[in-house]
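Each chain, written out:
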Protein chains: 2
Amino acid sequence: MAPGDVFDADPDDTEAALMAATYRALCEHGYADLTIQKIGEEFEKSTSLLYHHYDGKDELLVAFLGFMLDRFEDDVPFEDVVDPWAELQDVLDHVLAPGMDAEREELTSAMIELRAQAAHDPAYREAFSRHDRFFRDRLAAVVRDGIDRGVFRDVDPDRVAALLQTTFNGAMMQRVTTDPEDGGVPVDDVRAELEAVLEDRLLQGDAE
Amino acid sequence: MAPGDVFDADPDDTEAALMAATYRALCEHGYADLTIQKIGEEFEKSTSLLYHHYDGKDELLVAFLGFMLDRFEDDVPFEDVVDPWAELQDVLDHVLAPGMDAEREELTSAMIELRAQAAHDPAYREAFSRHDRFFRDRLAAVVRDGIDRGVFRDVDPDRVAALLQTTFNGAMMQRVTTDPEDGGVPVDDVRAELEAVLEDRLLQGDAE
């Protein structure tokens, strides 16, 4: 699920067009240098919508986070897992990929900067709480599915999902705030160890 | 190891006094509202040092991160582990404690805000890379010690430490950027699952 995909919407949808403009401006300028004006420059329609509806960049960015999550909720199905173990591997392949292209690195940096705003802004905190619940529930559903089919051990799906999400959030933050050559955590080590842990916890033992 | 302890230094040490002032101002105001002036207000000595030596708050804050790490490196011994398993439990007790007092919550919020600066500022990135390497090496040394004594399985200490550190960084970020009642990850779930994982990985199997 590429982050940009959520904006591939009807070109007549003004809200989607504004959110796509916000996304482009955020990737290009980062949080600190972003202004409503710079978002307006990316927005091909009338900018009056922008200035009438949003008091400042933070209000628009919180709306952007909500919009992204609405689209994810519509697009990411909960019921069609074919192979729970393969599904978890896909998530690891995506979140803990060895490298990131420039667009994804820019978006990840911007998301970490937005998250840091949540340390003092309740609107951001609510948006990221909802974000974390959605992705954690999705992970727990995959684990629960594996237990129901008898391919995973009888673990606590919510606890496994909590650890996975925490590791993913940590990995995302580390990727854009440290350099492995200067001492930052090598993502390959995290991936290898997490996969070994999941094999131990989910596949070994009484399910075999 | 309480974060404030690193500043319990000789009161005649001007650098330590300046760093303690930076620490207090950072906890009180957070990153966004912090200014060199506000740090000066917390500093009981001449403020000329401040204005002559640091071009802006970011230069001072990067120096602050380096100072904290120097003190940690001096204070946290690598050689006196008595019981590696108990040592890891102590780390979990500290990092994944059910609650945080106000000072620790303020410092954690400020550290996440500083980390987010590393997404676009190489000086912060270097400081946090060094920070992560120090704590990860410390964790790896405890795991290696357990293997050497025959109480832990023959795992890869660097990989285990990489996963631990990533989880800790994720947990720290989540604690100050989400609310569990709105969907944020419950720290108790992370603690319970991580402890179960470490038991599986380190204590079970061929070491028994």
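As the structure is a computational prediction, the values presented were derived from the model and not from experiment.

Asks: Please set out the relation of the copies chain A and chain B residue by residue, giving values where relevant.
Replies: You can overlay chain A on chain B at an RMSD of 0.0 Å; the transform is a turn of 180° with a shift of 0.0 Å along its axis. The transformation just described matches what one would write down for a two-fold rotation axis. By C-alpha distance to the rotation axis, the residue of chain A lying nearest is G170 of chain A, at 1.7 Å. Here 100% of the contact residues of chain A are again contact residues in chain B; the copies associate through an equivalent surface.

Asks: Could you give me a rundown of the confidence of the model for chain A, with the residues and numbers involved?
Replies: Predicted coordinates in areas of low pLDDT are best not read in detail. All names here are of chain A. Within chain A, residue pLDDT values average 88, and 90% of them lie at 70 or more. Mean pLDDT across the elements of chain A bottoms out in helix α3 (residues 48-53) (79) and peaks in helix α8 (residues 157-177) (97). Here the prediction assigns the complex a pTM of 0.91, and the interface score ipTM is 0.91.

Asks: How would you explain the environment of R191 of chain A if you had to name every residue and give the values?
Replies: All names here are of chain A. Looking at the secondary structure, you find R191 in helix α9 (residues 187-203). On the neighbour-count criterion, R191 (21 C-beta atoms within 10 Å) is buried. Separated by 63 residues in the primary sequence, R191 and F128 place their C-alpha atoms 24 Å from one another. In contact with R191, not counting residues within four places along its chain, are L92 and L96.

Asks: How would you sum up the domain arrangement of chain A? Please name residues and give values.
Replies: Residue and element names in this part refer to chain A. Each assigned domain of chain A is listed here: domain 1 (9-75) and domain 2 (78-208). Between the C-alpha centres of domain 1 and domain 2 the distance comes to 26 Å. The interface of domain 1 with domain 2 comprises 13 residues on the first partner and 15 residues on the second. Broken down by secondary-structure element, the contributors of at least two residues to the side of domain 1 that touches domain 2 are α1 (14-29) and α4 (57-75). It is α4 that contributes the most residues to the side of domain 1 that touches domain 2, 8 residues altogether.

Asks: Give a detailed account of the packing of helix α6 (residues 102-117) of chain A against helix α6 (residues 102-117) of chain B, specifying residues and quantitative values.
Replies: Look at α6 of chain A against α6 of chain B: their axes get within 9 Å of each other, and the N-to-C directions meet at 155°. With respect to their mutual orientation, α6 of chain A and α6 of chain B come out roughly antiparallel. Crossing geometry of α6 of chain A relative to α6 of chain B is assigned as left-handed. From α6 of chain A, I112, E113 and A116 of chain A reach across to α6 of chain B, where they touch I112, E113 and A116 of chain B. Grouping the constituent residues of the contact of α6 of chain A with α6 of chain B by class yields 4 nonpolar, no polar and 2 charged.

Asks: With reference to specific residues and values, describe the interface of chain A and chain B.
Replies: At the interface, 48 residues of chain A touch 48 residues of chain B. Breaking the side of chain A that touches chain B down by element, the ones donating at least two residues are α6, α7 (122-148), α8 and α9 of chain A. Sort the elements by how many residues they give to the side of chain A that touches chain B and α8 of chain A lands first, with 15 residues. Of the residues belonging to the side of chain A that touches chain B, the class tally is 18 nonpolar, 14 polar and 16 charged.

The rules behind the values
- Residues numbered from 1 in each chain as written.
- Chains lettered and ligands numbered in written order.
- Predicted model: local features only at pLDDT ≥ 70, side-chain atom pairs only at ≥ 80, totals over all residues.
- Least-squares fit on C-alpha atoms with pLDDT ≥ 70 in both.
- Contact = placed C-beta atoms within 7 Å.
- pLDDT = per-residue confidence, 0-100.
- Helix = DSSP H or I, 4+ residues; strand = E, 2+ residues; numbered from the N terminus.
- Buried ≥ 20, exposed ≤ 12 C-beta atoms within 10 Å, placed from the backbone.
- Domains from an automatic or database assignment.
- Axes fitted to C-alpha atoms, helices over the stretch in contact; angles between N-to-C directions.
- Parallel < 35°, antiparallel > 145°, perpendicular 65-115°, else oblique.
- Left-handed = near helix turned anticlockwise from the far one by under 90°.
- Nonpolar A, V, L, I, M, F, W, Y, C, P; charged D, E, K, R; others polar.

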